[in-house]
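# Overview (structure and organization)
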Amino acid sequence: MLDWEADDATFAQRLGIGANPVAAPSVPLDAAPGEWFPLSSQQSRNETLRDGGRYPGIYLQTNQRFANNGLPLASVIPIWRHGDQLRVRFDGPFWGHTGRILILGHQLFMIAEDSKLSEGMWFQVMNGVPDGTALAMDGIVMSVPHDRSHAPGSTICHMLRIADLDDPNQEPDAAWLQGLQQRAWDLSNTSDVLNLSGPEILAHIGNPLGVTRTDGVADHHLRAPVSSGFTCTSAEPTPSIAAAAARWRTALGLA
């Protein structure tokens, strides 16, 4: 037992493995084995334990379609806790992705793999909230179009909380969630989605490439049109966000 208190060289010599053992990697002692991103994962676990309760719920996400047919796509996205992680699902008419969320500095890095065809991945970066409960979050989604002959793309997205989870530590019932998603997709194919989301959210997600900033310089990459973002918390609710959430809840039968 005294060997454990020896210095590295003495301990290695007593074990017969030479005087210059290979140094252990510099990662947190409690990092989970096999993590590809040990530092970020550990930081995310710390932030999830502290702030993870701000995010579980059912969200209505709107973003421009990669097909760019003029009507934004509305999708239902659940976020729930799984121990010291947050989990997320992105489903659409032709795709399905399940993954995890890393919380780093009040930003949510979402990484999901294709759960239907195993031939693609989905990435989102969202602005989180420093206090209260997340009522809305804005960010950017990146993936590949359904038509794989096209190049991968990215577009601004907006997530609007439309319901709480009965149990924030459980994935929502699959059949119930599928029915809710189908109603959202049906509304996406009509002009109803424009009225339900409202002009502010539509203007926010409609940021075109090369948009002119207030300083007169044209951007050549996607960014939210306002530097402060369009994230909203229960500590400081935004009336237009609350109104849009109420309209969507009624349209989806959640009111």
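Everything in this summary refers to the structure shown in the same document. (Residues numbered from 1 in each chain as written. Predicted model: local features only at pLDDT ≥ 70, side-chain atom pairs only at ≥ 80, totals over all residues. Heavy atoms only, no water.)

### With respect to the pairing of strand β6 (residues 121–127)
Rules: Relative accessibility thresholds used throughout: buried, under 20% of the residue-type maximum; exposed, over 50%; partly exposed, between the two (1.4 Å probe, protein chains only). Secondary structure elements follow DSSP: runs of H or I no shorter than four residues count as helices, runs of E no shorter than two count as strands, and numbering proceeds from the N terminus. Being paired, for any two strands, means DSSP has found at least two bridges between them.
Side chains Trp122, Gln124 and Met126 project from β6 onto a buried face, and the interleaved Met121, Phe123, Val125 and Asn127 project onto a face without burial. With seven bridges joining them, strand β5 (residues 107–114) and β6 adopt antiparallel strand pairing. Within the sheet, the bridge partner assigned to Leu108 lies in β6 and is Met126. The sheet contact formed by β6 and strand β7 (residues 134–143) spans four bridges and is antiparallel. Its bridge partner lying in β7, Met126 is registered against Gly139. Taking the residues between adjacent antiparallel strands as the criterion, β6 and β7 are bridged by six residues, where Gly132 takes a positive phi near 65 degrees.

### Observations regarding the environment of Gly57
Filter applied, for reference: Residue contacts follow a heavy-atom distance rule, with two residues in contact if any of their heavy atoms lie within 4.5 Å.
Here Gly57 shows up in strand β1 (residues 57–63). Taking the C-alpha atoms as reference points, Gly57 and Ile77, 20 residues apart in sequence, are found 8.5 Å from one another. In contact with Gly57, other than residues within four places in its own chain, are Ile77, Pro78, Ile79, Arg161, Ala163, Asp164 and Leu165.

### Observations concerning the packing of helix α4 (residues 192–205) against helix α5 (residues 239–251)
Rule in force here: Axis definition: a line fitted to C-alpha atoms, over the contacting stretch in the case of helices. Angles run 0 to 180 degrees between N-to-C directions. In this scheme, roughly parallel covers angles under 35 degrees and roughly antiparallel covers those over 145, while 65 to 115 is roughly perpendicular and the rest are oblique. Residues were grouped as follows: Ala, Val, Leu, Ile, Met, Phe, Trp, Tyr, Cys and Pro as nonpolar; Asp, Glu, Lys and Arg as charged; and all remaining residues, including Gly, as polar.
Viewed as axis vectors pointing N to C, α4 and α5 meet at an angle of 170 degrees, and their least axial separation amounts to 9 Å. In terms of their interaxial angle, α4 and α5 are classed as roughly antiparallel. Facing Val193, Asn195, Leu196, Ser197, Gly198, Glu200 and Ile201 of α4, the residues of α5 in contact are Ser240, Ile241, Ala244, Arg247, Trp248 and Ala251. The residue makeup of the contact of α4 with α5, split by class, is seven nonpolar, four polar and two charged.

### Section: the packing of aromatic side chains
Formally: In summary, the pairing rule links any two rings of Phe, Tyr or Trp, Trp by its six-membered ring, whose centres are within 6.5 Å, and it sorts them by plane angle into stacked for under 30 degrees, edge-to-face for over 60 and tilted for everything else.
Overall, the coordinates contain one aromatic pair when judged by the stated rule. Both rings, one in Phe90 and one in Trp122, keep their centres 5.2 Å apart while their planes meet at 20 degrees; by these two values the pair is stacked. In this pair, Phe90 sits in strand β3 (residues 85–92) while Trp122 sits in strand β6, placing the two residues 32 residues apart along the sequence. For the pair Phe90 and Trp122, one class covers both residues: buried.

### So, the pattern of salt bridges
Oppositely charged side chains can pair when the atoms bearing their charge come close. As a reminder of what qualifies: By definition, a salt bridge exists where a carboxyl oxygen of Asp or Glu is found within 4 Å of a side-chain nitrogen of Lys or Arg.
Applying the stated criterion across every chain, the model contains seven salt bridges. Asp84 serves as the salt-bridge partner of Arg45, at 3.9 Å between the closest nitrogen and oxygen. Taken as a pair, Arg45 in helix α2 (residues 38–51) and Asp84 in the loop between β2 (73–82) and β3 lie far apart in primary sequence, 39 residues in all. The partner of Asp51 in a salt bridge is Arg50, and the shortest N-O contact between them spans 3.2 Å. Using a relative accessible area of 3% as the deciding quantity, one classes Asp51 as buried. For Arg50, a relative accessible area of 55% corresponds to the exposed category. When salt bridges that share partners are traced, they join Glu47, Arg50, Asp51 and Arg54 into one network.

### A few points about the environment of Pro56
Following the sequence through the fold, Pro56 ends up in the loop between α2 and β1. Accessibility expressed as a relative area gives 9% for Pro56, which makes it buried. Along the chain, Pro56 and Trp80 lie 24 residues apart, while their C-alpha atoms are 4.6 Å from each other. Contact partners of Pro56, with chain neighbours within four places excluded, come to Ile79, Trp80, Arg81, Leu86, Arg161, Leu165 and Pro168.

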